Amino acid sequence: MCGISGIASKRLSPGEVTNAIARMTQALRHRGPDGTGTRTFVPPDISCPVSLGHNRLAIIDVSAGGREPMCNEDESVWLVFNGEIYNFPELRTKLEAQGHNFRSRTDAEVIIHLYEEEGPKCVAKLNGIFAFAILDLRQDRILLARDPIGVKPLYYCRTADHFLFASEIKAILACSLIGTTVNWQAISDYFTYLYVPGPETAFEGILQLPPGYCLELNLRDLSERLERYWSVRRREEIETVSYDDLKFLLRDQLAASVKRQLVSDVPLGVFLSGGIDSTIVAGLAKQQDAQIRTFTVTFEGDEYRFYNEAETSRAVSQHLRTDHHELVVSRSEPEDVLDLVEFFDQPFGNPTSYLMYLLCQTARKQITVALCGAGGDELFAGYPRYSAVRLARRLGWMPRSILQFGSKALEIVRDSYRTMHLKRVRKFLEGLDSDFCVQYAQWTYFLNEEKKAELLLRCPGRSHPQDQLAASPRILRQALEESTLKDVDNQILYMDLRTFLVDNILEYTDKMSMAVGLEVRVPLLDPEFVDLSLNTPFAYKARSGTPKMLLRDAFGDFFPPVALAAPKKGFNAPLAHWIVTVFDSYFEASQSTRHPLRKQLGDDIGISWREGILDWNFIDRLRQQHRRGQRDNSYELFAFIVFDVWWRKYVAHTSPMRFW
């Protein structure tokens, strides 16, 4: 993994472009601790000045031969690359047979020579996780590409005079060539999802390249063309395969994926929670490497018992005989969690990101590459919401008055901060709606349109905060409607793959791992395995009321009894407790100039509600409900705090940025 950046400009001089790329690579130095490389190209070799930048995290061929920007033999094609190409050995063999000469053992150089043979179509032949840019001097163009599932990020921005791209938004902003104008549609969506759905970002004019897409930039006029090169396709031959045959097929394909992803010239390990997905990855890795190391986050204290996966992860480790390491978390400090805004560059309200940061930080002391089980819940119906979808269908005949009565009856019951069960029942009953996407958003996510209308009082630059803002469930609807899968329930899994997985799970996995220079690989998101999994009949996945039944049966030998019997917990932070014991002080400090945290967190704390952008009365109402135990509003409250920190750092510019 690495950080890439680039700029093409019709207005800046070659020297100014070179200075700009220096600022961009400086902003991404945490992504590449093993070296920085830049190169500037000028007319007449090209239509306008172009600079490419690369921050290197050396994984394959750690020698100087792997430095980037990297070129072909005649220096007409140049590459900056972030990621890993797992099928590069096979591709290299074919390319060498076609007469191509290699100067290194890297997977990056394979991309260059494959591009020489195939042009932009080369992307479809790559198996891996990647974001890269190719500068073709002969064709006077830049090709940007992002991997099929969206494991690695790539942002870009085009103005009348400039085109910029980078692995993180902060590198684009570091050039000071565009303003930090707030994208209020993205902010509205954030308060529903607690992440900003792609391809939008929190900044007007900065976009994210969608997964499975290429962008061709014509350097003569800086015009661009987007093209999709990969999507999940319907495979009728899989829909009729028997349960037993699918067990063997899934096992073979996933074993091949894990085997490919174990290739590394640096130390490697597996993130192990004790859940189904990470256990399978660890078991398959153990079959390939007898010395595999596993890493787990655990919690101290009885109040965190619901979130603690120490027992199951230890049992799995002992069963598989891995070299196991535990990271114990007792509590957090506000500045530690909130500083992570600097890595996301836009509001991101999932506190699991902090746990991922701690896990990566600790693992990085021993390894440089980690495999994880991300994607299994989306592919094999692991989340409780999939059961809710099926239950809602069965309740379709029931009068709404009865369901509404049940919802009101729960208002007098206190939420438990130890489990999510009551909160899920509340959201289920309150979220039933004739529009499925509205219903699903209310079950799965957070503020609906009515609540956001209360929250967003003032959007600078807009006459009214809700003017021309589209309702957030449109994101789900767009993803659902693009699916060609036969099974309706698999279409919902596909919807989550294209939204929740990419912009939430994979977003924090990339940002938190790269914050400490750690590469994280995701074997379950191999495109061929994704294709197979989403075409597998849904009835095989949630069988006899048990989620992921097919996976359990296919890999049953990897699980000790305690792991199979353990309830699903997920990789979640105990946020409801943290709001009361830690983060409520953020709200208190924003209301009192004498609060002891005011000096530590800054006098501008709470600026977004003190200046009337967010409504303090709405925030305080949710805060008091949470403090009294009436409702678990922890995620909403955390989202308000994160937004305030982001606003202070990126919009008001009143707080220092460590990485600028």
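Residues numbered from 1 in each chain as written. Predicted model: local features only at pLDDT ≥ 70, side-chain atom pairs only at ≥ 80, totals over all residues. Heavy atoms only, no water.

Peer 1: When you look at the overall build of the protein chain in this model, what are you seeing that I'm missing?
Peer 2: Within the protein chain, the regular secondary structure consists of 29 helices and 17 strands. Compactness check: the protein chain gives a C-alpha radius of gyration of 25 Å against a globular reference of 26 Å for 660 residues, within 12% of the reference. Overall size of the protein chain, expressed as C-alpha extent along the three principal axes, is 75 × 60 × 45 Å. Out of the 660 residues belonging to the protein chain, those deemed buried represent 63%. Look at the contacts in the protein chain between residues 6 or more apart in sequence, and 73% of them connect residues 24 or more apart. Looking at the protein chain as shown, the accessible area adds up to about 24,800 Å², and 49% of this sits on carbon and sulfur atoms. Charge separation in the protein chain, taken as the distance between the mean sites of 78 positive and 85 negative side-chain charges, equals 3 Å. (Helix = DSSP H or I, 4+ residues; strand = E, 2+ residues; numbered from the N terminus. Rg over C-alpha atoms; globule rule 2.2 N^0.38 Å. Buried < 20%, exposed > 50% of the residue type's maximum accessible area, 1.4 Å probe, protein only. Contact = heavy atoms within 4.5 Å. Areas by Shrake-Rupley, 256 points an atom, 1.4 Å probe, with all protein chains shown as cover. Lys, Arg positive; Asp, Glu negative; His and termini not counted. Charge placed at Lys NZ, Arg CZ, Asp CG, Glu CD.)

Peer 1: How do you make sense of the packing of helix α20 (residues 488-515) against helix α21 (residues 527-535) when you look at a structure like this?
Peer 2: The relative placement of two packed helices is expressed as an angle between their axes plus a distance between the axes. Between α20 and α21, whose axes approach to 9 Å, the crossing angle comes to 145°. Residues Asn490, Leu493, Tyr494 and Leu497 of α20 lie in contact with α21, whose contacting residues are Val530, Leu534 and Asn535. Here the contact of α20 with α21 is built from residues that sort into 5 nonpolar, 2 polar and no charged. (Axes fitted to C-alpha atoms, helices over the stretch in contact; angles between N-to-C directions. Nonpolar A, V, L, I, M, F, W, Y, C, P; charged D, E, K, R; others polar.)

Peer 1: Honestly, unusual backbone geometry in this entry has me stumped. Any pointers?
Peer 2: With the exception of glycine, most residues fall at negative phi, and the peptide bonds are largely trans. With omega at 5°, the peptide bond leading from Glu68 into Pro69 counts as cis. One can find Pro69 in the loop between β3 (50-56) and β4 (70-71). Of note, the amide linkage connecting Gly198 to Pro199 takes the cis form, showing an omega dihedral of 5°. Residue position: Pro199 is located in the loop between α5 (184-193) and β10 (206-208).

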